[in-house]
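# Descriptive structure summary
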Amino acid sequence: MMTTDHTNPAQCDIGQLFLEGRGWGFGGSVDIEPTNPWNAAGRYGWVGGTRTAAYVIPATGAVTILLTQVAAMGPVPAPVIREFWWYAADA
């Protein structure tokens, strides 16, 4: 249940700006569409307001954790997080 998307189509439409292929399970986001190279079906985790991020990819057993103290400046992930996800997806 935690890693299953529980958003309805109307919620997905409203949240397109920041969801970027993700939905919400119980307790965090879960990837539902491969909109970026790092999105993997079933990947789940969280990005916090100070841009800390932790995701688990059950299909590969990968665990990614990024700890920063960069304040959120908008609804989309900061460049440092996107770069981290790019490198993690290549590993």
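Residues numbered from 1 in each chain as written. Predicted model: local features only at pLDDT ≥ 70, side-chain atom pairs only at ≥ 80, totals over all residues. Heavy atoms only, no water.

The 5 strands lie next to each other as E1-E2-E3-E4-E5, forming an open sheet whose pairing is antiparallel. Strands with a single pairing partner mark the edges of an open sheet, and in this sheet they are strand E1 (22–24) and strand E5 (62–66). The average undirected angle you get between the axes of adjacent strands in this sheet is 25°. In terms of strand pairing, E1 meets strand E2 (residues 29–31) through 3 bridges, oriented antiparallel. Paired with glycine 23 across the strands is valine 30, a residue of E2. The strands that helix H3 (residues 79–90) touches are E1, strand E3 (44–47), strand E4 (53–57) and E5; relative to E5, the one it contacts most, it runs at about 155°. (Pairing = 2+ DSSP bridges. Helix = DSSP H or I, 4+ residues; strand = E, 2+ residues; numbered from the N terminus. Axes fitted to C-alpha atoms, helices over the stretch in contact; angles between N-to-C directions. Contact = heavy atoms within 4.5 Å.)

So, about the layout of surface pockets. Once rolled over the atoms, a probe with the size of a water molecule shows which space is left empty. In this structure, the largest pocket encloses a volume near 240 Å³. Around the largest pocket, the lining is made up of 16 residues, and of these Phe18, Arg22, Val47, Arg51 and Pro75 lie nearest the centre. Residue assignment for the lining of the largest pocket shows that the elements contributing at least two residues are helix H2 (16–19), E1 and E3. Considering only enclosed or pocket space, the second largest pocket measures out at about 190 Å³ in volume. Ile57, Ala62, Thr64, Ala88 and Ala89 are, among the 14 residues lining the second largest pocket, the residues nearest its centre. Secondary structure elements with two or more residues in the lining of the second largest pocket: E4, E5 and H3. (1 Å grid on protein atoms, 1.4 Å probe; cavity = no way out; pocket = protein on both sides within 12 Å on 5 of 7 lines; lining within 4 Å. Points joined across faces, edges and corners; volume = space filled by probe spheres on them.)

Okay, a nonpolar patch on the surface next. Taken together, the side chains of Val63, Ile65 and Leu67 present a nonpolar region at the surface, about 340 Å² in accessible area. Of note, valine 63 is situated in strand E5. With a relative accessible area of 57%, valine 63 lands in the exposed category. (Patch = residues over 30% accessible without salt bridge, like charges linked within 9 Å, V, L, I, M, F, W, Y side chains within 5 Å. Areas by Shrake-Rupley, 256 points an atom, 1.4 Å probe, with all protein chains shown as cover. Salt bridge = Lys/Arg side-chain N within 4 Å of Asp/Glu carboxyl O. Buried < 20%, exposed > 50% of the residue type's maximum accessible area, 1.4 Å probe, protein only.)

The next point concerns the side chain of arginine 22. When you line up the elements, arginine 22 lands in strand E1. Leaving out residues up to four positions away in the same chain, arginine 22 has contacts with Ser29, Val30, Asp31, Ile32, Asn39, Arg43, Tyr55 and Trp85.

The subject of this paragraph is the side chain of asparagine 39. Positionally, asparagine 39 belongs in the loop between E2 and E3. A distance of 3.1 Å separates polar atoms of two side chains, one belonging to asparagine 39 and the other to aspartate 31. Once residues lying within four places of it in the same chain are set aside, the contact partners of asparagine 39 are Glu20, Arg22, Asp31, Glu33 and Pro34. (Polar contact = N/O pair within 3.5 Å; in protein donor to acceptor, adjacent residues only side chain to side chain.)

The next thing to look at is the pairing of E5. Of the strand pairs in this sheet, E4 and E5 are connected by 5 bridges, and their pairing is antiparallel. Each residue of the ladder has a partner; that of alanine 54, found in E5, is isoleucine 65.

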